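An overview of the molecular structure
If you want the building blocks of each chain, they are given just below.
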Amino acid sequence: MKVRSPLEVYKFLPQTNCGECGFDTCMSFAAHIIDRSVKPENCPPLIRDAEKDAKIKKKLEQLQALTSPEIAEVVIGVGDSAVKIGGEDVIHRHEMTYFNPTAFFYDVWDTMSEKDLEEKCRKVVEFRKFYVGKFLTLDGIAVRCTSNNPDTYKSVVEKVASYGKPMVLVALNPDCMRAALESVADKRPLIYAATESNWKEFLKLALEFNVPVAIRAKDLDTLKSLAVTFKEAGVKDIVLDPVTEPLGEGLKGTFERVVNLRRTAILGEDKDIAFPIMVTPISAWLIEGDEVEKAYWETVLGSMFIVKYADIMIFRSLEPYSVIPTVTLRFNIYTDPRTPVQVDPGLREINNPTPDSPVFITTNFALTYYTVESDLTSAGISCYLLVLNTEGLGVEVSVAGGQFTAGKVKELMEETKIAEKVNHKYLVIPGLAARLQGAIEDETGWTVKVGPMDSGRIKGWLETNWPPK
Amino acid sequence: AKFEPYKVEYPGKINEVVLGATKKDGGTRDKVVVLGGEKSLPFYLFDADQPNLPAIAIDIFDRKPMLAKAVREHYEDVLEDPADWARKAVKEYGADLITLHLISTDPLLEDTPASEAVKVLEDVLQAVKCPIIVGGSGNKEKDPEVLEKAAEVAEGERIMLASATLDMDWERIANAAKNHGHVVLSWTQMDINSQKTLNRYLLKRAGVSPNDIVMDPTTAALGYGIDYAFTNMERIRISGLKGDSDLAFPISSGTTNAWGAREAWMKDSPIEEDSDWGPRELRGPIWEIVTGLTLSLAGVDLFMMMHPGAVAVLKEVMYTLGG
Ligand code: B12
Ligand code: SF4
């Protein structure tokens with residue numbers, strides 16, 4: 001984004017403060033353009049006027065150019081499952097935030113047995129890991145052509161398409177690619193990859209079928225030249241693959257290429273390479289070693305480039321020990337550091353509690369709250385859960401910092417009228433808040449029980465501690 | 001078209017800190033570890049050389065601590081004897097340094113007197129010849145006394161005292177380091193401003209030399225605040241490189257924290273809808289690896305770790321990128 005202050009954006013807006021965009025003033029709308037929560041198109045009068053008036057249309061286009069992200073955004077797939085990559089504006093997440101999380105694609109190939117293919121596709125579709133109130137999932141499937149036979153490739157690609165996930169089509173042979181595109185181009189797959197030897201055919205395919213295309217070259221001069229050629233020919237949706245080498249000097253070089261590409265695009269304002277970057281941790285499977293060593297190294301490569309600028313990746317391992325860390329890291333790196341991670345304080349009823357049900361208390365830090373809430377929900381525990389406003393801090397931090405106090409617990413219990421909902425006076429506090437036990441008892445007159453350190457162990461704890469004797 | 005990489009140059013440089021002392025400097029270590037010296041972001045060798053690669057210390061304790069099963073099984077035979085434990089960590093698991101945590105000094109545990117606790121330090125100094133880091137129990141009242149005694153008995157060895165914090169008598173730790181030629185670990189809770197404040201106190205008020213400070217801005221595990229830890233460290237490192245001399249110190253990370261994450265140690269997911277979590281023996285080490293690897297990209301110079309497999313993989317990564 002070329003502009004930094006709302007004032008610069010304001011100049012381009014109708015300045016009528018009509019409120020149609022949902023903000024009271026044009027200035028407030030402008031501020032939200034700057035933080036990228038809205039786009040110029042979200043101002044209806046501006047769009048309407050642009051349709052009628054060529055001058056305003058030009059203004060709108062100028063504004064769009066000024067406020068579009070530094071790195072192009074590319075969409076792969078269609079409908080609800082489509083995934084957006086790129087669109088980044090900063091080199092370090094604290095400068096604003098990273099926007100579109102690295103998309104994870106998993107490798108299948110066209111000479112795989114039907115059973116294995118099905119199993120792998122199903123795993124990609126079904127993977128879910130609960131984290132901070134939602135499920136982390138995987139984005140898509142990369143279908144590799146190993147048969148070198150257009151018909152075989154086409155029929156396997158069709159099969160994979162039926163799972164409804166975005167696809168990367170991996171085939172260097174243009175005939176195979178064409179065969180696949182003839183039947184799935186409308187699913188908007190990313191075609192991989194145009195190289196120095198096949199780029200003419202791939203350029204034709206990208207234009208003819210209007211699909212995003214990955215360009216692959218280890219030499220960055222070549223990569224840039226190809227990107228310029230494609231751009232000038234009218235291809236907008238480009239992904240750059242500077243080639244991932246898994247070990248030694250090769251890996252060092254990969255690291256350098258990826259960092260240089262992103263830095264030069266954003267800080268050096270080189271628009272010719274301002275495209276999403278692809279990294280292929282799957283190249284770890286070229287190294288020597290057993291399955292676990294390879295999968296570990298693949299996870300290492302994935303993690304390294306989640307932190308450093310990859311927008312899309314192809315993996316092989318679907319082992320939980322590979323997928324769980326990478327999806328978690330991706331979520332953490334792409335969390336918006338500008339928004340506090342809190343939930344509303346108050347009282348939650350979990351699994352239809354009755355007056356006999358236990359009462360728990362936790363904090364309003366999203367990570368804490370959702371962990372506890374989901375532990376209770378999925379263990380089938382009927383209970384009341386008090387959520388204390390600790391200003392978005394976890395249990396130990398807020399106990400240490402004074403946001404989790406007996407006085408505040410008492411207030412919360414009064415506000416939520418919890419005493420009227422149950423027929424007992426037992427409150428269960430987190431193990432990490434044990435030192436507040438006495439103070440809360442004095443303050444509230446309830447009996448305070450110290451629960452386990454980890455909410456994942458509440459179920460076992462209840463077996464010996466509830467109902468209280 | 002020619003690709004012209006955009007160059008980044010920083011005016012500052014991270015201070016070099018030497019841990020350990022060999023015979024010629026009055027110690028008995030057979031090698032030293034040098035931290036810091038960066039002029040660029042980690043492993044950006046295309047911007048500037050990185051003279052010292054990050055080092056890995058393995059944690060050992062003076063009493064049996066709580067350990068995840070996947071970690072404990074590698075140390076089962078040495079848990080009772082810190083000297084053997086240190087030997088195993090160095091010889092078999094390739095530790096560059098040893099971090100000895102004197103947790104038995106905790107008044108809520110055995111409350112071992114400082115003068116007795118540091119005997120274990122003497123044993124460890126005998127047992128291994130790498131540089132040593134010594135930690136207390138985390139008790140704010142007792143730690144200064146424990147670390148003072150440790151500084152005394154390790155005179156000449158240039159150990160690192162872990163740690164000085166804002167909410168304790170940091171001046172005593174600083175003086176102990178100064179008087180006996182050791183290094184101080186300046187530890188704050190994930191806040192760049194507190195880190196700056198404490199470092200400045202150590203430099204200006206206590207008069208510690210800039211080459212005798214390492215800082216620990218706090219490590220949170222993957223999935224449990226690593227986003228805070230990463231960004232806090234990255235900001236600290238960039239400030240140091242930009243020339244803020246209050247923040248131009250090598251960074252240390254308590255990477256063993258990764259084992260606190262439930263994904264690292266729990267058998268199965270407590271959430272029914274979750275996909276299978278697979279064997280925890282494989283999940284745990286990679287959790288420590290990814291935690292360390294991520295923070296290595298923020299600028300960590302010294303990792304305190306435990307799982308031997310995690311140590312080996314992280315080392316390989318850093319030697320590849322930095323080698
Ligand atoms: C991230 C972090 C921070 C972040 C907090 C971000 C946030 N939104 O909370 C920041 C940087 C702000 C921070 C600040 C401080 N921190 Co801090 N921080 C941590 C860290 C690294 C992780 C904490 C965390 O998020 N855990 C994950 C969440 C999900 O855990 P949780 O809330 O405890 O929930 C679990 C359990 O409690 C339990 N549970 C939760 N609710 C319930 C309910 C019931 C009924 C039951 C049974 C169980 C249960 O299950 C949950 C899932 O496992 C820890 C160290 C560590 N690795 O643990 C230190 C730590 C908690 N911090 C600590 C300290 C001292 C501080 C500061 C006071 C430092 C300072 N001097 O400034 C400040 C306080 C700030 C304030 N309160 O004003 C100390 C606390 C020491 C102590 N025991 O008193 C710790 C342990 C570090 C240490 N070893 O010194 N910190
Ligand atoms: S809709 Fe447009 S004109 Fe109306 S307030 Fe919003 S920005 Fe201003």
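All figures in this text were calculated on a predicted structure; none of them were measured in a lab.

What counts, and at which threshold
- Residues numbered from 1 in each chain as written.
- Chains lettered and ligands numbered in written order.
- Predicted model: local features only at pLDDT ≥ 70, side-chain atom pairs only at ≥ 80, totals over all residues.
- Heavy atoms only, no water.
- Near = heavy atom within 4 Å.
- 1 Å grid on protein atoms, 1.4 Å probe; cavity = no way out; pocket = protein on both sides within 12 Å on 5 of 7 lines; lining within 4 Å.
- Sits in = over half its atoms within 2 Å of the grid points.
- Helix = DSSP H or I, 4+ residues; strand = E, 2+ residues; numbered from the N terminus.
- Nonpolar A, V, L, I, M, F, W, Y, C, P; charged D, E, K, R; others polar.
- Points joined across faces, edges and corners; volume = space filled by probe spheres on them.
- Domains from an automatic or database assignment.
- Pairing = 2+ DSSP bridges.
- Axes fitted to C-alpha atoms, helices over the stretch in contact; angles between N-to-C directions.
- Contact = heavy atoms within 4.5 Å.
- Buried area = accessible area lost by both parts, 1.4 Å probe.
- Salt bridge = Lys/Arg side-chain N within 4 Å of Asp/Glu carboxyl O.
- Polar contact = N/O pair within 3.5 Å; in protein donor to acceptor, adjacent residues only side chain to side chain.
- Expected span 1.5 Å × (residues − 1).
- Buried < 20%, exposed > 50% of the residue type's maximum accessible area, 1.4 Å probe, protein only.
- Arc of directions from axis to C-beta.
- UniProt positions renumbered as here; feature names shortened; annotations may be inferred.
- Left-handed = near helix turned anticlockwise from the far one by under 90°.
- Right-handed = clockwise from strand over helix to strand, strands pointing away.

For the rest of this paragraph, the subject is the site of ligand 2. Residues and elements named next belong to chain A. Around ligand 2, a shell composed of Pro14, Thr16, Asn17, Cys18, Gly19, Glu20, Cys21, Cys26, Phe29, Cys43, Pro44 and Pro45 is seen. More than half of the atoms of ligand 2 fall within 2 Å of the grid points belonging to the second largest cavity. Elements represented by at least two residues in the shell around ligand 2 include exactly helix H2 (26–34) and helix H3 (44–52). Of the residues that constitute the shell around ligand 2, the class distribution is eight nonpolar, three polar and one charged.

Residue and element names in this part refer to chain A. Its volume calculated, the second largest pocket comes out at about 830 Å³. In terms of lining residues, the second largest pocket is bounded by 26 residues, among which Gln64, Ser68, Pro69, Ala72 and Glu73 are the most central. It is helix H4 (residues 54–67) that provides the largest number of residues to the lining of the second largest pocket, a total of four residues. In terms of residue class, the lining of the second largest pocket is made up of ten nonpolar, four polar and twelve charged. Two domains each provide a minimum of three residues to the lining of the second largest pocket, namely domain 1 (6–67) and domain 2 (73–334).

The subject of this paragraph is the sheet that holds strand E15 (residues 383–388) of chain A. Residue and element names in this part refer to chain A. With mixed pairing, the five strands of this open sheet are ordered in space as E13-E15-E14-E16-E17. Looking at which strands have only one partner, the edges of the open sheet turn out to be strand E13 (346–350) and strand E17 (447–450). In this sheet, adjacent strand axes meet at a mean angle of 30° when their direction is disregarded. In terms of strand pairing, strand E16 (residues 426–429) meets E17 through four bridges, oriented parallel. Paired with leucine 427 across the bridge in E17 is valine 448. Strand contacts of helix H15 (residues 406–415): E13, strand E14 (359–363), E15 and E16, with the helix running at about 125° to E15, the strand carrying the most contacts. Across the sheet, helix H16 (residues 437–444) is in contact with E16 and E17; its angle to E17 comes to roughly 160°.

All names here are of chain A. Domain annotation of chain A identifies domain 1 (6–67), domain 2 (73–334) and domain 3 (346–465). Between domain 1 and domain 2, the C-alpha centre-to-centre distance is 34 Å. Together, Asp35, Arg36 and Lys39 form the three largest contributors to the area buried by domain 1 at its contact with domain 2, with a combined 92%. Counting every contact that joins domain 1 to domain 2 gives three salt bridges. Two residues, glutamate 73 and arginine 36, come together in a salt bridge whose shortest N-O distance is 3.8 Å. The interface formed by domain 1 and domain 2 includes two residue pairs in polar contact (both at pLDDT 80 or more). Of the residues in the side of domain 1 that touches domain 2, the class split is one nonpolar, no polar and three charged.

A word on helix H6 (residues 150–161) of chain A. The α-helix advances 3.6 residues per turn, and as a result positions three or four apart in sequence lie on the same side. Residues and elements named next belong to chain A. With twelve residues, H6 ought to run about 16 Å at 1.5 Å a step, and its terminal C-alpha atoms sit 16 Å apart, in line with that. Among the residues of H6, Tyr153, Val156, Val157, Val160 and Ala161 are the ones counted as buried. In an axial view of H6, the angular spread of the buried residues amounts to 145°, which keeps them on one side of the axis. With a side-chain oxygen positioned 2.8 Å from the backbone nitrogen of aspartate 151, the residue opening H6 is asparagine 149.

Time to look at the UniProt feature "domain: 4Fe-4S" (unreviewed entry) in chain A. The positions that UniProt labels "domain: 4Fe-4S" (unreviewed entry) are, in the present scheme, residues 1–60 of chain A. Summarising residues 1–60 of chain A: 50% helix, 0% strand, and an end-to-end C-alpha distance of 15 Å.

Another point: the packing of helix H5 (residues 114–126) of chain A against H6(A). All names here are of chain A. Close contact between H5 and H6 brings their axes to 10 Å; oriented N to C, the two are set at 35°. As H5 runs across H6, the sense of the crossing is right-handed. For the pair H5 and H6, the contacting residues are Glu114, Leu117 and Cys121 in the first and Val156, Lys159 and Val160 in the second. Across the contact of H5 with H6, the residue classes tally to four nonpolar, no polar and two charged.

Moving on, we come to the interface of chain B and chain A. Taken together, the contact between chain B and chain A spans 56 residues of the former and 59 residues of the latter. Interface area for chain B against chain A, summed over the two sides, is near 5100 Å², with a carbon-plus-sulfur share of 66%. For chain B, the biggest contributors to the area lost against chain A are B:Phe3, B:Tyr6 and B:Phe46; these three give 14% of the whole. For the pair chain B and chain A, the number of links is 23 residue pairs in polar contact (both at pLDDT 80 or more). Mapped by element, the contributors of at least two residues to the side of chain B that touches chain A are helix H7 (226–241), helix H8 (262–265), helix H9 (280–296) and helix H10 (308–322) of chain B. Here the side of chain B that touches chain A takes ten residues from H9(B), the largest share from any one element. Of the residues belonging to the side of chain B that touches chain A, the class tally is 33 nonpolar, seven polar and 16 charged.

Looking now at the pairing of E14(A). Residue and element names in this part refer to chain A. The element E14 is extensively covered by neighbouring structure, given that five of its five residues are classed as buried. By the alternation rule, side chains of E14 split into Val359, Ile361 and Thr363 and Phe360 and Thr362, which are all buried. Of the pairings in the sheet, the one linking E14 to E16 comprises two bridges and is parallel in character. In the sheet register, valine 359 faces E16, and the bridge partner there is leucine 427. Read as a crossover between parallel neighbours, the route from E14 over helix H13 (residues 366–378) to E15 is right-handed.

With the rule as written, the count across this model stands at 48 salt bridges over all chains. Residue A:Arg338 pairs with A:Asp336 through a salt bridge whose shortest N-O separation is 3.0 Å. Between B:Asp111 and B:Lys142 there is a salt bridge, and its shortest N-O distance comes to 2.8 Å. Of this pair, B:Asp111 sits in the loop between strand E4 (97–101) and helix H3 (114–127) while B:Lys142 sits in the loop between strand E5 (132–135) and helix H4 (143–153), placing them 31 residues apart in sequence. When its relative accessible area of 39% is taken as the criterion, B:Asp111 is described as partly exposed.

Now for unusual backbone geometry. Going from A:Trp466 to A:Pro467, the amide bond is cis rather than trans, its omega being -5°. Mapped onto the elements of the fold, A:Pro467 is located in the segment after helix H17 (458–465). Geometrically, the link from B:Ala162 to B:Ser163 is a cis peptide bond, its omega value of 10° lying close to zero. Here B:Ser163 lies in strand E6 (residues 160–164).

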